[in-house]
Amino acid sequence: MFKKLPGDEAQQLVSTTPDTAVVFRPAVVRTPAFITIVIFAWRVLSALVRLVWRHPIASTATAVPCALGWLYGWQWGVVLVALVLVGLTAWRFVDRASFLRLAGWRLLAWWRLVWVYRRHWQPVMIISGLGRHVRGRDYLPRLVGVSCTSWADLVTVRMLTGQAVTDWSDRIEHLAHGFGATSCRVTVSRPGRLLLAFPRRDPLAVPLPALPIPAAASVGPVEIGKREDGTPWWLKVHGTHVLVAGATGAGKGSIIWSTIRGLLPAVRAGLVQIWALDPKLMELSFGRNLFDRYAADPAACAELLEAAVKVMQERAGRFAGVQRNHIPTVDDPFVLVVVDEVAFLTAYQSDKGLKLRISAALATLTTQGRAVGVGVLAALQDPRKDVLSIRNLFPDKIALRLDESEQVDMVLGDGARDRGALADLISPDPELGAGIAYARLETSPEPMRARAGYVSDADIRAMVAAFAADTVPLPQTGEVA
Ligand SMILES: Nc1ncnc2c1ncn2[C@@H]1O[C@H](COP(=O)(O)OP(=O)(O)OP(=O)(O)O)[C@@H](O)[C@H]1O
């Protein structure tokens, strides 16, 4: 008659909370003391082995003086520690580079691991929502290790199973503030593992002067500045198209001029031609003599672009079935079309006929030009689609300082800002921020931060004079990249 008898449910209940009406005492199985001791000893032993395995140098550095002090008296332990410290300091002053490479960065990484990351890991993970606290247990992403470079801490993390990269890239501000850094950049090192970069200082805070004109003729990549990790910033122009976006005063000129400067020997050798479009009549007119073709008013700009399309089509006809890639020669030089403020020719152009011709020519060049040696380097202030509808046709993009955070993804592509391309936060102070950019290249989705060398008016004048007087060192043949 009764499917369940009174008391059946109560058998399943376990409650030890004192304020409930019914209190059931859970069954207690007494564990023999020696089992508890064995488990405890096993945990201590495995933690020790793990410690020595993960930090062999730190363990030795602690264990040896302790052993010495124990065996021969504490004074000997102190003497050994003092000797090691003196030795390290002397090494630091005698050969700083090798000290940093072999010991300095490792010591710093160990310190930062213990003092910053391990100490704050649990609260930062839980509060940012990257870890979970379920039924009294913490489920945290694993802090695999920390290494240090001259400017940043690189933290390797194993994500929780089921987490996505976007879970982390959405929380870069939590992570940066949580670990006391100004920013955080997220890159995937391998499936399930991330590399978080936390800058300790800004290596690009000091302006970089114009780089020396290269001795050899090369169509690129051209060295135009310095990357955040201290290595040169090489910009590829041959075989691609580059879009440079930045608010007024962001330093678009320094990228354009550094590129022209790096190509100068190749221009002299006849391997490169620079065709300049200068609708603002400001930036490029300064170095007019360096260019094979120059146009400023919109009608002349349209003609110049159509001439570039003709070169492209003529080459495409000749190369068809013979070669698939362009090799710069004096007969078929690489043509770099430099457009200073492209919006003047597209969005802000009142003559509809000219606007159509210019847009069509630019679209044709950016879709078909790179295989036949015609490249476009275009700069613009406002990256909205209605200003430049063909911005996606540029494989390589550079974002200098931008006015709004939404503009970052407009220039660099979806998710770039979440991955750490904070172009809207670059300082408007020219000394601190002009020429600093995030570049996203066709070959890598990770935005790279760098600063272009500043090519001053005096540098441009010197370039023009050297070019005219033939005093730039002559390029050696056969060094085309
Ligand atoms: N790479 C750089 N390093 C340091 N300072 C720079 C750099 N580039 C530019 N500047 C400084 O910023 C100022 C503005 O630079 P620039 O004219 O190139 O900006 P822009 O983006 O071309 O601006 P606009 O769109 O108004 O022409 C320069 O006068 C110079 O003082």
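Residues numbered from 1 in each chain as written. Predicted model: local features only at pLDDT ≥ 70, side-chain atom pairs only at ≥ 80, totals over all residues.

1. Regarding the UniProt feature "binding site: ATP" (unreviewed entry) in the protein
Here, UniProt's "binding site: ATP" (unreviewed entry) annotation points to G246, A247, T248, G249, A250, G251, K252 and G253. Apart from the residues lying within four places of it in its own chain, the contact partners of A247 are Q381, R401, L402 and D403. The topology assignment puts T248 in the loop between β9 (242–245) and α8 (252–268). T248 gets classed as exposed once you count the C-beta atoms within 10 Å, which come to 10. (UniProt positions renumbered as here; feature names shortened; annotations may be inferred. Contact = placed C-beta atoms within 7 Å. Helix = DSSP H or I, 4+ residues; strand = E, 2+ residues; numbered from the N terminus. Buried ≥ 20, exposed ≤ 12 C-beta atoms within 10 Å, placed from the backbone.)

2. Structural notes on the UniProt feature "domain: FtsK" (unreviewed entry) in the protein
The positions UniProt marks with the feature "domain: FtsK" (unreviewed entry) are residues 230–409. Annotated as residues 230–409, this span is 33% helix and 19% strand, and its ends, taken at the C-alpha atoms, are 26 Å apart.

3. Describing the site of the ligand
With respect to spatial proximity, 15 residues lie near the ligand, and among them G251, G253, S254, A434 and G435 are the closest. Broken down by element, the shell around the ligand gets its largest block of residues, 3 residues, from α8. Class assignment for the residues of the shell around the ligand results in 6 nonpolar, 8 polar and 1 charged. (Near = placed C-beta within 6 Å. Nonpolar A, V, L, I, M, F, W, Y, C, P; charged D, E, K, R; others polar.)

4. Structural notes on the nonpolar core
Soluble globular proteins: nonpolar side chains tend toward being buried together. Membership of the largest hydrophobic core comes to 90 residues, with the highest contact counts inside it found for I274, A308, V337 and A399. Among residues more than four places away in sequence, those in contact with V337 are W275, L277, A308, L365, V374, G375 and V376. Formed by 18 residues, the second largest nonpolar core is a distinct cluster that contains W121, V155, I172 and F198. (Core = buried A, V, L, I, M, F, W, Y, C linked by C-beta atoms within 7 Å.)

5. What about the packing of helix α4 (residues 74–94) against helix α5 (residues 96–128)?
Following both chains from N to C, one finds α4 and α5 inclined at 135°, their axes separated by 6 Å at the closest point. Relative to α5, the element α4 lies oblique. Taking contact as the criterion, the partners of L88, W91 and R92 in α4 are, on α5, R96, F99, A103 and G104. Counted by class, the contact of α4 with α5 contains 4 nonpolar, 1 polar and 2 charged residues. (Axes fitted to C-alpha atoms, helices over the stretch in contact; angles between N-to-C directions. Parallel < 35°, antiparallel > 145°, perpendicular 65-115°, else oblique.)

6. Digging into the domain arrangement of the protein
In terms of domain boundaries, the protein breaks down into domain 1 (53–94), domain 2 (104–201) and domain 3 (222–469). The straight-line distance from the C-alpha centre of domain 1 to that of domain 3 is 56 Å. (Domains from an automatic or database assignment.)

7. Overview of the sheet that holds strand β3 (residues 142–148)
Sheet strands associate in pairs through backbone hydrogen bonding, adopting either a parallel or an antiparallel arrangement. An order of β3-β4-β6-β5 is seen for the 4 strands of this open sheet, with the pairing classed as antiparallel. Only two strands of the sheet have a single neighbouring strand rather than two, namely β3 and β5 (185–190). Across the sheet, the mean angle from the axis of one strand to that of its neighbour is 25°, orientation sign disregarded. Sheet topology places strand β4 (residues 152–158) next to strand β6 (residues 193–199); 7 bridges connect them, and they run antiparallel. (Pairing = 2+ DSSP bridges.)

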